[in-house]
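Geometric and topological summary
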Amino acid sequence: MLYAITDSTLMPGELMLTKAQAALQGGCQWLQYRDKSTNQPLRLTQACALKSLCEQYNAKLIINDDLQLAIASQAHGLHLGQGDGSVQQARQCLGAHATIGVTCHDQLSLANTAIRDGASYVAFGRFFNSATKPDAKAAPLTLLNQARHLNVPVIAIGGITPDNSRRVIEAGASAIAVCHSLFACDNVKNRARDFCRAIST
């Protein structure tokens, strides 16, 4: 599965919806809205528009690190970093059917805690050099094999490209999360298709 993460620098203004739609047309199944700005009206407008767009393509919209925005936009879920909020609180507010994910870096113990608290999926990484988060701590591919016993989807993130994406899937990831390697492209739709082909073969 391809999990795309937006970037307001790569997708300013109208490009947010244009590039997101292209990713969805190319086969993206989950889309995370990540915008660290303080422009709350714009963030709500974009989140609502992305949610509508995702539903056209039978995809899910996940909000990054903002429970209130997830509630206001009626998004399908929420992604939390370490220290960005309680999984239990998010579950109480968003309900049993919401998709709630947690960043677990390179630590299985964080994943076990997140799942115990009600997370729907866990994310590990970075696995390769990342343009989005160049200072993120590296995680070994062997971690994905160790995480195979977890009863939730395991997402790999960090420097993943069509050329190396198969490596993380074969190592044990359920899906790949991508940002710069997808949305920095001139043809996002074709790049999304390249990812989907790489991880499905």
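Please refer to the structure placed before this passage.
It should be emphasised that the depicted structure is a prediction, and the values quoted were computed from it without experimental measurement. (Residues numbered from 1 in each chain as written. Predicted model: local features only at pLDDT ≥ 70, side-chain atom pairs only at ≥ 80, totals over all residues. Heavy atoms only, no water.)

Let's talk about the sheet that holds strand β3 (residues 60-64)
Quick note on the threshold: Pairing between strands is defined by DSSP: at least two bridges between them are needed. In this text, helices come from DSSP runs of H or I with a minimum length of four residues, and strands from runs of E with a minimum of two, each type numbered from the N-terminal end. The axes used here are C-alpha line fits, helices contributing only the stretch in contact, and every angle between their N-to-C directions lies in the interval 0 to 180 degrees. Two residues form a contact once any of their heavy atoms are found within 4.5 Å.
An order of β1-β2-β3-β4-β5-β6-β7-β8 is seen for the eight strands of this closed barrel, with the pairing classed as parallel. Averaged over all adjacent pairs, the angle separating strand axes in this sheet is 25 degrees, with direction ignored. As paired strands, strand β7 (residues 154-157) and strand β8 (residues 175-178) are joined by three bridges and run parallel to one another. For Ile155, the partnering residue across the bridge sits in β8 and is Ala175. The strands that helix α5 (residues 108-116) touches are β5 (99-103) and β6 (121-124); relative to β6, the one it contacts most, it runs at about 160 degrees.

A few points about helix α4 (residues 87-94)
The line we're drawing: In this scheme, a residue with accessible area under 20% of its type's maximum is buried, one over 50% is exposed, and one in between is partly exposed, where area comes from a 1.4 Å probe on protein chains only. Think of the arc as the fan of directions from the helix axis to the C-beta atoms. Any pair of nitrogen or oxygen atoms within 3.5 Å is treated as a polar contact; in protein, a donor-acceptor pairing is required on top of that, and neighbouring residues in sequence qualify only through side-chain atoms on both sides.
For α4, the full list of buried residues reads Val87, Ala90, Arg91 and Leu94. Seen from one end, α4 has its buried residues packed into an arc of 100 degrees, which puts them on one side. Put simply, Ser86 is the residue that caps the front of α4, since its side-chain oxygen is 3.1 Å from the backbone nitrogen of Gln88.

Side note on helix α1 (residues 15-25)
Buried within α1 are the following residues: Met16, Lys19, Ala20, Ala22, Ala23 and Leu24. Buried residues in α1 make contact with β2 (30-33), α2 (40-56), α8 (180-183) and α9 (188-200). Count one or two residues on from α1 and you reach Gly27, which has phi positive near 120 degrees.

A word on the environment of Asp35
Along the polypeptide, Asp35 turns up in the loop between β2 and α2. A relative accessible area of 7% means that Asp35 is categorised as buried. Sequence separation of Asp35 and Thr103 is 68 residues, and the distance between their C-alpha atoms is 16 Å. Beyond its immediate sequence surroundings of up to four residues, Asp35 is in contact with Ser8, Arg43 and Gln46. A polar side-chain atom of Asp35 sits 3.3 Å from a polar atom in the side chain of Tyr33.

A short note on the side chain of Arg91
Note the threshold: The charged-residue count follows a simple rule in which Lys and Arg add positive charge and Asp and Glu add negative charge, with His and chain termini not counted at all. Any carboxyl oxygen of Asp or Glu within 4 Å of a side-chain nitrogen of Lys or Arg constitutes a salt bridge here.
With respect to the helices and strands, Arg91 occurs in helix α4. Salt bridges are absent for the buried Arg91, whose nearest opposite-charge side chain, Asp117, sits at 11 Å. There is a polar contact of 3.4 Å between the side chain of Arg91 and the backbone oxygen of Ala96. Setting aside residues up to four positions removed in sequence, Arg91 forms contacts with Ala96, His97, Ala98, Ile100, Gly118, Ala119 and Ser120.

Structural notes on the packing of aromatic side chains
Counted only if it meets this: Only Phe, Tyr and Trp rings take part, Trp by its six-membered ring, and two of them pair if their centres are within 6.5 Å. Stacked means planes under 30 degrees apart, edge-to-face means over 60, and tilted covers everything else.
For the structure shown, the criterion picks out three aromatic pairs. Their ring planes at 80 degrees and their centres at 5.8 Å tell us that Tyr3 and Tyr121 sit as a pair that is edge-to-face. Pair noted here: Tyr3 is in strand β1 (residues 2-5) and Tyr121 is in strand β6, with a separation of 118 residues, a long-range link. The pair Tyr3 / Tyr121 is uniform in exposure class, with both members buried. When the centroid spacing of 5.2 Å and the interplanar angle of 50 degrees are considered together, the rings of Trp30 and Tyr121 count as tilted. With Trp30 in strand β2 and Tyr121 in strand β6, this pair connects stretches of sequence that are 91 residues apart.

Focus: the side chain of Arg126
Counting through the fold element by element, Arg126 comes out in the loop between β6 and α6 (142-146). Among the polar contacts made by the side chain of Arg126, one reaches the main-chain carbonyl oxygen of Ala136 at a distance of 2.6 Å. Those residues in contact with Arg126 that sit more than four places away from it in its chain are Lys133, Pro134, Ala136, Lys137, Ala138, Ala139, Ile157 and Gly158.

Some thoughts on the pattern of salt bridges
Using the criterion set out here, one finds seven salt bridges in the structure. Residues Asp65 and Lys36 are paired through a salt bridge, measuring 3.0 Å at the closest nitrogen-oxygen approach. Of this pair, Asp65 sits in the loop between β3 and α3 (67-73) while Lys36 sits in the loop between β2 and α2, and the two are 29 residues apart along the sequence. The exposed category is assigned to Lys36, whose relative accessible area is 52%. The salt bridge partner of Glu55 is Lys51, with a shortest N-O separation of 3.3 Å. Taken together, the residues Glu55 and Lys51, both in helix α2 and four residues apart, mark about one turn of the helix. Here Lys51 falls in the buried class, since its relative accessible area comes to 15%.

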